[in-house]
Amino acid sequence: MYRILDLFCGAGGFSYGLEQNNNFKTLIGLDFEPAAIETFNYNFSEATGICGDITNSDVKQNIINLAKIRKVNMIIGGPPCQGFSLKGKNLGLADERNFLFKEYLDIVKEIKPDIFIIENVKNLYNSANGFFRDEITKTIKNMGYVVNCKILNAKDYGVPQNRERVFFIAHKEYFIDFPKPYDNIVSVRDAISDLSYLDSSQGYIYDEYRFEPQSDYQKLMRGVQLQYHVASNHSPIAIEKLKMIAPECGKECLPMHLHGKQKFSTTWGRLVWDEVSPTIDTRFDTPSNGRNSHPYLHRAITPREAARIQSFDDNFHFKGTKTQICKQIGNAVPPLLAKAIADSIIEQIYQESFAGENYQIYNANSYSIIENFIKQGIKVNHIITDPPYNISKDNNFSTMKNSKRIGVDFGQWDKNFDLYGWIKSYVQILDRNGSIIIFCSYRFISYICDSLESAGCDVKDILVWQKSNPMPRNINRRYVQDMEFAIWAVMNGSKWVFNKPKNISYLRSLYSAPIVSGKEKTGHPTQKSLKIMQEIIKNHTNSGDLILDPFMGSGSTGVASVGLGRKFIGVELSKNYYNIAKDRLNENLKLNL
C-alpha cells in the first residue's frame, strides 16, 4: 500500500485519481489556500488536510513529523515555480523563485519515501534547451532515486481535455515507465451534453439530474446529485455578444469593434462538441478569457461542467466561493490522468516473475525493466529476440478466403511499436564478448543495423529463415513471402562465439524449417520454430551462457536455451503469452539433440 503525502494538494485531484487504484491511500495534504484545504478535507475524510505555508519551519516540521508517524512512503505534488526560464538559467534550482521546488525536495530528503512524483508546467521540459529538466533529474539521481521524466497529455488517458504537463516519477529501486496512451478519445459532448440546459445566472448549488446520461463517460461521472452546476451571471452586453457567435465558433463571428482588447484569437470562443476541450484554467467562467463558452448556450461553462472536463466525478464536492472553486478546478491534476499513472506504477512494480532451474522470466514492460537490470548490474552473454515487426495490416487478400490463416494483422501489440529505442539500453548489459540477434522485417533491416552500430556493435551478417510452408499472400500479383530475417551483431572488438561444426567446410546463414504447427504451436502469431532457435543457439552460444530475450512471446527462445544447457532470462508484456511461456518452461522439455 502506498501511503501518500500530497504537497501543494489544492482540491486533491492528484490524490483523488491515485486512490481510484486500491493500492494508494492519501493520508496528509498540505496547501496554502484555506478553501482548497476545506475541499480536500471534505473529500478525503480519512486524511489530514493542513492549511499552511511550506516555507514556515514549524509547518514544515509538523508535516515531516506527521508523515513519519503515519509511515508515508509516497509524496506527490506540483510545486509552483517561476524561475524556469532563460533568465533563470544561471542560478538553476538556486534561483529564489524556485524555492518551493527546493522545499518539496527537502521534505523528500527528510521522509525518504519509496516513490515520489512531481507535476509541473509543460514549459519546464524544454525551457533553456532542457537545462532545468536535466538539472532536476540530476538532483533526484543524486538523492539515490531512479527517475523518469515525460510530458503527458490528459486527452490520452480518458480526459476530455487537451492538457499537457510534465511529470517526474522517482523510485528508490525501479525505473517507472509512464502509461501508454489509450485508444479512445473522450469529447466535450461525451462529458457535458447531459448538463446543457442552463442559461446565464441559472442553476443551484445542489440539484437533481434532469436527463439520463448520454455517454459512457457521463455514466462514469454521475454521482448522487449535481453540485455547483451554476451558470455565471453574465452582463447583458456579454450575453448579446454570445448570441452573435454561432455554435462551436468564436469571435470571428463578432464585428471588429466588439473584439475587445484581448489579443488571443481564442477569446470568446465556444467549445466544440466532438473535440476535446482546450486546457481548463482558473477563469473558465469568463467568456472573454478563452475558448470556454458552452458549444451553443449563451454562457460560459459552469464549475461542474469544468470539473467534468477535468475528470472529477460528480461525487467530488467543492467548497468555497465561486472564484475559489474555479481556481481549485483549473489548477488540479485531472483525476483520470492520475489514475492512469497509478495503474501503470502498480503494473510495473508488482510485476509477476518466476524462477526455474536455469531460467528467470518476467511479466513486465521491456522498456521499464531494463533500467532495473542495469541498476542490478546484470550482464548477459547473448540477446536473442523476436520483437514486434510493425507490419500488421487487415487481411484483404482474396487468395486467403478459404485459408485458416487470418492474414498479417497480428493485433495491437504489433502496431506502433518502437523498433529501435530499446537497442541502446539492452546493449549496455551485454558482456564485452557478447552478441545480439534480432529477428525483423526486411523493411527495417538497415535501420536496425544503424541502431546497433550506434550502440557500439559490429553487424556481422543477416540470418535467413527459409520457410518450407510459407503464407500464400496475393499469389497472383506478388512472390510468396517465404523468408524471415535476423540481424547478427557482436560487441566491437569482441571475441565472439561462432561454433562451426568440424565436419563441414563452412556455414551458410540460411536456416530452413516450416512455420510452427501441430502440438508445438502455442497461439502466438509470430512464434518461431524450436528447430530454428536450437540451431541458432548452437551456432552462436556456448553451454552455460546466459541468454536474454526481452520480447519473449510464448517462450521458444527460452525452451530452446534451457534444453541446450544455457541459462535464460525472458521478459514478456502480455500476461497470456507470459503464462504460455511459463507453462512451456515448467514442462522442462528434454530435447533429443
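Rules used throughout
- Residues numbered from 1 in each chain as written.
- Predicted model: local features only at pLDDT ≥ 70, side-chain atom pairs only at ≥ 80, totals over all residues.
- Heavy atoms only, no water.
- Buried < 20%, exposed > 50% of the residue type's maximum accessible area, 1.4 Å probe, protein only.
- Helix = DSSP H or I, 4+ residues; strand = E, 2+ residues; numbered from the N terminus.
- Pairing = 2+ DSSP bridges.
- Right-handed = clockwise from strand over helix to strand, strands pointing away.
- Axes fitted to C-alpha atoms, helices over the stretch in contact; angles between N-to-C directions.
- Contact = heavy atoms within 4.5 Å.
- Phe/Tyr/Trp six-rings, centres within 6.5 Å; stacked < 30°, edge-to-face > 60°.
- Lys NZ or Arg CZ within 6 Å of the ring centre and 35° of its normal.
- Salt bridge = Lys/Arg side-chain N within 4 Å of Asp/Glu carboxyl O.
- pLDDT = per-residue confidence, 0-100.
- Core = buried A, V, L, I, M, F, W, Y, C linked by side-chain atoms within 4.5 Å.
- Parallel < 35°, antiparallel > 145°, perpendicular 65-115°, else oblique.
- Left-handed = near helix turned anticlockwise from the far one by under 90°.
- Nonpolar A, V, L, I, M, F, W, Y, C, P; charged D, E, K, R; others polar.

1. With respect to the pairing of strand β2 (residues 24-31)
- With 7 of 8 residues buried, β2 is to be regarded as a mostly interior element.
- Bridging between strand β1 (residues 2-7) and β2 involves 6 bridges; their strand directions are parallel. If you follow Asp-6 over to β2, its bridge partner there is Gly-29.
- You can see the chain leave β1, run along helix α1 (residues 13-18) and come back into β2, and the turn it takes is right-handed.
- With 4 bridges connecting them, β2 and strand β3 (residues 48-51) associate as parallel partners. Across the sheet, the residue bridging to Gly-29 is Gly-49, located in β3.

2. Observations concerning the sheet that holds strand β18 (residues 510-513)
- The strand order across the open sheet formed by 9 strands is β12-β13-β20-β19-β14-β15-β17-β16-β18, and the pairing between neighbours is mixed. Edge positions in the open sheet fall to β12 (352-356) and β18, since each of these has one partner strand only. On average, each strand axis in the sheet is inclined to that of its neighbour by 15°, with strand direction left out of account.
- Along the sheet, helix α15 (residues 530-540) makes contact with β14 (380-385), β15 (430-440), β16 (457-471), β17 (481-491), β18 and β19 (546-549), crossing β18 at roughly 150°.
- Against the sheet, helix α17 (residues 575-586) makes contact with β12, β13 (359-363) and β20 (567-572), and its axis sits at roughly 165° relative to β13, the strand it touches most.

3. Overview of the packing of aromatic side chains
- Taken as a whole, this structure holds 21 aromatic pairs when the rule is applied.
- Ring geometry for Phe-40 versus Phe-44: centroids 4.7 Å apart, planes at 25°, classification stacked.
- The buried category is assigned to Phe-40, whose relative accessible area is 0%.
- The exposure class of Phe-44 is buried, given its relative accessible area of 3%.
- Measuring from ring centre to ring centre gives 6.0 Å for Tyr-420 and Tyr-447, while their planes differ by 40°; the resulting arrangement is tilted. One end of the pair, Tyr-420, is in the loop between β14 and α13 (423-427); the other, Tyr-447, is in helix α14 (residues 445-454), with 27 residues separating them in the sequence.
- Note on Tyr-420: relative accessible area 27%, which makes it partly exposed.
- Taken together, the aromatic side chains of Tyr-16, Phe-40, Phe-44, Phe-312, Phe-316 and Phe-318 make up a single cluster linked through ring pairs.
- We note Lys-319 situated over the ring of Tyr-42; from NZ or CZ to the ring centre the distance is 4.2 Å.
- We note Lys-467 situated over the ring of Trp-465; from NZ or CZ to the ring centre the distance is 5.1 Å.

4. Observations concerning unusual backbone geometry
- With a phi close to 65°, Trp-268 is a non-glycine residue in the positive phi region.
- One can find Trp-268 in the loop between α8 (236-244) and β10 (269-270).
- At Asn-358, a position not held by glycine, the phi torsion is positive, near 75°.
- For Asn-358, a relative accessible area of 39% translates into the label partly exposed.

5. Observations concerning the pattern of salt bridges
- Considering all chains together, one arrives at 23 salt bridges under this definition.
- A salt bridge links Arg-304 to Asp-314, with the shortest nitrogen-to-oxygen separation between them at 3.9 Å. Of the two residues, Arg-304 sits in helix α9 (residues 303-309) while Asp-314 sits in the loop between α9 and α10 (322-331), which places them 10 residues apart along the sequence. Considered together, Arg-304 and Asp-314 belong to a single accessibility category, that of buried residues.
- We note a salt bridge from Lys-528 to Asp-386, for which the minimum N-O separation is 2.6 Å.

6. Comments concerning the sheet that holds β1
- Pairing in this open sheet of 7 strands is mixed, and the strands run β3-β2-β1-β4-β5-β7-β6 from one edge to the other. The open sheet has two edge strands, β3 and β6 (146-153), and neither has a second partner. Recorded for the sheet is a direction-independent mean angle of 20° between the axes of neighbouring strands.
- Across 7 bridges, strand β5 (residues 115-121) lies against strand β7 (residues 164-171) in antiparallel orientation. Looking at the pairing, Ile-118 lines up with Phe-168 of β7.
- Relative to β2, helix α3 (residues 57-69) is tilted by about 170°, and along the sheet it contacts β1, β2 and β3.
- Its contacts with the sheet put helix α4 (residues 99-111) on β1, β4 (74-77) and β5, and the angle it makes with β5 is roughly 175°.

7. So, the confidence of the model for the protein chain
- Confidence along the protein chain averages 89 in pLDDT terms, with 91% of residues attaining 70 or more.
- For the stretch residues 85-91, pLDDT sits under 50, and the model shows 13 contacts to residues farther than four places along the chain or on other chains.
- Low pLDDT, under 50, characterises residues 391-415; the stretch is placed with 53 contacts to residues that sit more than four places away or in other chains.

8. Some words on the nonpolar core
- In terms of nonpolar packing, the biggest core is built from 57 residues, with Leu-18, Phe-24, Met-74, Ile-117, Phe-167 and Ile-345 touching the most fellow members.
- The greatest single-element share of this core, amounting to 9 residues, is contributed by helix α11 (residues 335-349).
- When sequence neighbours within four positions are dropped, the list of residues in contact with Phe-24 reads Met-1, Tyr-2, Ile-4, Leu-18, Glu-19, Met-74, Ala-342, Ile-345 and Ile-346.
- Counting 35 residues, the second-largest nonpolar core is a separate cluster that includes Ile-423, Cys-440, Phe-485 and Met-491.

9. Examining the packing of α15 against helix α16 (residues 556-563)
- Where α15 contacts α16, the axes come no closer than 9 Å and their chain directions differ by 50°. If you check the angle between α15 and α16, you find them oblique. The handedness of the crossing between α15 and α16 comes out as right-handed. Taken together, the residues of α16 that come into contact with α15 (itself represented by Leu-530, Met-533, Gln-534 and Ile-537) are Ser-556, Thr-557, Val-559, Ala-560 and Ser-561.
- Residues that form the contact of α15 with α16 fall into these classes: 5 nonpolar, 4 polar and no charged.

10. Points about the pairing of β17
- Burial of β17 is extensive: 8 of the 11 residues sit out of reach of the surface.
- Pairing of β15 with β17 involves 6 bridges; the strand directions are antiparallel. Each bridged residue has a counterpart across the sheet, and for Cys-440 the counterpart in β17 is Phe-485.
- Inspection of the sheet shows β16 paired to β17 by 10 bridges, in the antiparallel sense. Across the sheet, the residue bridging to Gln-466 is Met-483, located in β17.

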